[in-house]
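# Examining the three-dimensional arrangement
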Amino acid sequence: MKTLMYHYVRKSQKKFPFFRYLEVENFCKQLEYFQKEFGFVSFDDFMELCENVKYFEKIRGKVLLTFDDGFKDHYDFVLPELLKRGLFACFFVSTGVYERHKALDVHRIHHLLGLTGGGELMPQVYKILDKSMLESQEIDKFTGKIYTQQDNDTSTLEFKKLFNYFIKYEFREYLLDELVKVFSSDEEIFNGLYMNEEELCTLVDEGMIVGSHSKSHFVFSKLGEKEQSLEIKDSFDFLEKLLGRLKVKIFCYPYGGFHTFTAFTERFLSEFGVTFSFNVQSKDTSLLDLQNRPQALPRYDCNEFAFGKSN
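Below or above, wherever it landed, is the structure these notes cover. (Residues numbered from 1 in each chain as written. Predicted model: local features only at pLDDT ≥ 70, side-chain atom pairs only at ≥ 80, totals over all residues. Heavy atoms only, no water.)

## With respect to the overall build of the protein
Rule in force here: Elements are defined by DSSP. Helices are runs of H or I of four residues or more, strands are runs of E of two residues or more, and each kind is numbered from the N terminus. Values of the radius of gyration come from C-alpha atoms, whereas the globule rule sets the reference at 2.2 Å times the count of residues to the power 0.38. Residue exposure (1.4 Å probe, protein chains only): buried if accessible area is under 20% of the type maximum, exposed if over 50%, otherwise partly exposed. Throughout, a residue-residue contact means that at least one pair of heavy atoms, one from each residue, lies within 4.5 Å.
Counting its regular elements, the protein contains 15 helices and nine strands. Computed over the C-alpha atoms, the radius of gyration of the protein is 19 Å, within 12% of the 19 Å expected from 2.2 N^0.38 for a compact globule of 311 residues. Every one of the 311 residues in the protein was classed for burial, and the buried ones make up 55%. Pairs at least 24 apart in sequence give 73% of the contacts found in the protein among residues at least 6 apart.

## Some points on the nonpolar core
Among soluble globular proteins, nonpolar side chains are generally buried collectively. The line we're drawing: Throughout, nonpolar core names a set of buried Ala, Val, Leu, Ile, Met, Phe, Trp, Tyr and Cys residues whose side chains join them through atoms within 4.5 Å.
Of all hydrophobic cores here, the largest spans 98 residues; its most connected members are Tyr6, Phe46, Leu65 and Phe163. Each residue touching tyrosine 6, except ones within four places of it in the same chain, is listed here: Leu22, Phe27, Gln30, Phe34, Leu65, Thr66, Phe67, Asp68 and Cys302.

## Focus on helix α1 (residues 24–37)
Heads up, the rule is: For a helix, the expected span equals 1.5 Å multiplied by the residue count minus one. Relevant arc is that of directions from the helix axis to the C-beta atoms, nothing else.
In this model, α1 (14 residues) spans 20 Å end to end at C-alpha, consistent with the 20 Å of a helix rising 1.5 Å per residue. Turning to α1, its buried residues number three or more, namely Val24, Phe27, Cys28, Gln30, Leu31 and Phe34. Buried positions in α1, seen along its axis, are confined to an arc of 160° and lie on one side of it. On the buried face of α1, the contacting elements are β1 (2–6), β2 (9–10), β3 (22–23), β4 (63–68) and α4 (72–85).

## What about the packing of helix α7 (residues 118–128) against helix α10 (residues 169–183)?
Heads up, the condition is: A fitted line through C-alpha atoms represents every axis, and for helices the fit uses only the stretch in contact; the resulting angles, taken between N-to-C directions, go from 0 to 180 degrees. Each angle is binned into one of four classes, with values under 35 degrees roughly parallel, values over 145 roughly antiparallel, values of 65 to 115 roughly perpendicular, and all other values oblique. Working rule for handedness: look at the near helix, and if it is turned counterclockwise from the far one by less than a right angle, call the crossing left-handed; if clockwise, right-handed. Put simply, Ala, Val, Leu, Ile, Met, Phe, Trp, Tyr, Cys and Pro go in the nonpolar bin, Asp, Glu, Lys and Arg in the charged bin, and everything else, Gly too, in the polar bin.
Contact geometry for α7 and α10: axes closest at 11 Å, N-to-C directions at 130°. For the element pair α7 / α10, the angle class is oblique. For the crossing formed where α7 meets α10, the hand is right-handed. Between α7, through Glu120, Leu121, Gln124, Val125 and Ile128, and α10, the contact on the second element is made entirely by Leu175, Glu178, Leu179, Val182 and Phe183. In the contact of α7 with α10, the residues fall into seven nonpolar, one polar and two charged.

## A closer look at the pairing of β4
For clarity, the threshold we go by: We call two strands paired when DSSP finds no fewer than two bridges between them.
Counted residue by residue, β4 has six buried out of six residues, so it is predominantly covered. Burial along β4 is two-sided: Val63, Leu65 and Phe67 facing one way and Leu64, Thr66 and Asp68 facing the other are all buried. Strand direction decides the pairing type here: β4 and strand β5 (residues 89–93), joined by four bridges, are parallel. Residue pairing across strands places threonine 66 opposite cysteine 90, the latter belonging to β5.

## A closer look at the environment of serine 94
Rules: Polar contacts, as counted here, are pairs of nitrogen or oxygen atoms within 3.5 Å of one another; within protein the pair requires one atom able to donate a hydrogen and one able to accept it, and residues that are adjacent in sequence qualify only if both atoms are side-chain atoms.
Inspection of the secondary structure puts serine 94 in the loop between β5 and α5 (97–100). Taking the C-alpha atoms as reference points, serine 94 and arginine 108, separated by 14 residues in sequence, lie 14 Å from one another. Those residues within four positions of serine 94 in sequence are excluded, and the remaining contacts are Leu104, His213, Ser214, Lys215 and His217. Reaching out from serine 94, the side chain makes a polar contact with the backbone oxygen of histidine 213 at a distance of 3.1 Å.

## Section: unusual backbone geometry
A positive phi angle, close to 90°, is found at aspartate 69, a residue other than glycine. For aspartate 69, the location among the structural elements is in the loop between β4 and α4. Phi at histidine 101 takes a positive value of approximately 50°, unusual for a residue other than glycine. Tracing the backbone through its elements, the reader meets histidine 101 in the loop between α5 and α6 (105–116).

## Section: the state of the cysteines
What counts here: Cysteine sulfur atoms that come within 2.5 Å of each other are treated as a disulfide pair.
Counting across every chain of the model gives zero disulfides. Looking at the unpaired cysteine 50, the closest cysteine sulfur is the one in cysteine 90, lying at 7.9 Å. With no disulfide of its own, cysteine 302 lies 13 Å from the sulfur of cysteine 28, the closest cysteine sulfur. Classification of cysteine 302 as buried rests on a relative accessible area of 7%.

## Focus: the side chain of histidine 111
Within the element layout of this structure, histidine 111 appears in helix α6. Note on histidine 111: relative accessible area 7%, which makes it buried.

## Points about the packing of α1 against α4
Axis separation between α1 and α4 bottoms out at 11 Å; the angle between their running directions is 30°. If you check the angle between α1 and α4, you find them roughly parallel. The two elements α1 and α4 cross, and the hand of that crossing is right-handed. Where α1 abuts α4, its residues Val24, Phe27, Cys28, Leu31 and Glu32 lie against Phe77, Val78, Glu81 and Arg85. Among the residues forming the contact of α1 with α4, the class breakdown is six nonpolar, no polar and three charged.

## A few points about the pattern of salt bridges
Using the following cut-off: Basic side-chain nitrogens of Lys or Arg form a salt bridge, by our definition, when they fall within 4 Å of a carboxyl oxygen of Asp or Glu.
By the definition in use, this model includes 25 salt bridges. Residues joined in a network through salt bridges with shared partners are Arg100, Lys102, Asp105, Arg108, Arg172, Glu173, Asp177 and Asp186.

What follows is the structure, given as structure tokens:
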């Protein structure tokens, strides 16, 4: 089984010349390619798999579609194409955005990079960044292990590494607040970026599954055990309050990669009743994966297949 991961799927916006996204037309071409080459996991298939992993043998070669971050793109562009083709997908949402009514830091990073590119941002970062704001052990841990499959320019790569991994979380929001003041506004970023609560309910009504992408989209391996458990518990509590009793609990790790979570994370997810959790690893899911590490299932980035390259 090939699990595919998508983020932004949209049409071109001149205002964001550096934004990385999958063009809707290419998304449709990729769906057609997958249908021809592999076929898709259906809702019924997925629910059977959740009940009995040996059902895997019936869907071994098929594609499971997953979409991260709860973007309005997924409601405006993805859902209509799925419904048109009778397809099923899982959507993973970071629920904290609905409580704070402010874009998550990770998405403010995307917005700033899409708007100006790393070349304009980094000089401004150096004006406000102090070495005391960095986590030296995180630099050692993640150097050479992140963004290895992305073709970012040097400044963009440096900006993403700094804000997603190297800057202490206690300083990250403040630093982004200062950058947003220079280049944009939080109101502009938040408005239109995410699905609203009614649209999340519509996904479920249309036969999709909504799962947790944590509450705050932090790198779990940078959090203590109590913080990790609250990120998971609070997110599922929100989803159950909004959507009612979930048909199945599924989760995907922010950022992904085995360096982004811990043995405790996997153990807690299992104890909390989560059936499957998704990682980022470029390989097919095997029966052994489902049996031995159901809380760390592999996913491909869509850009690894025909028509999936970001604009």
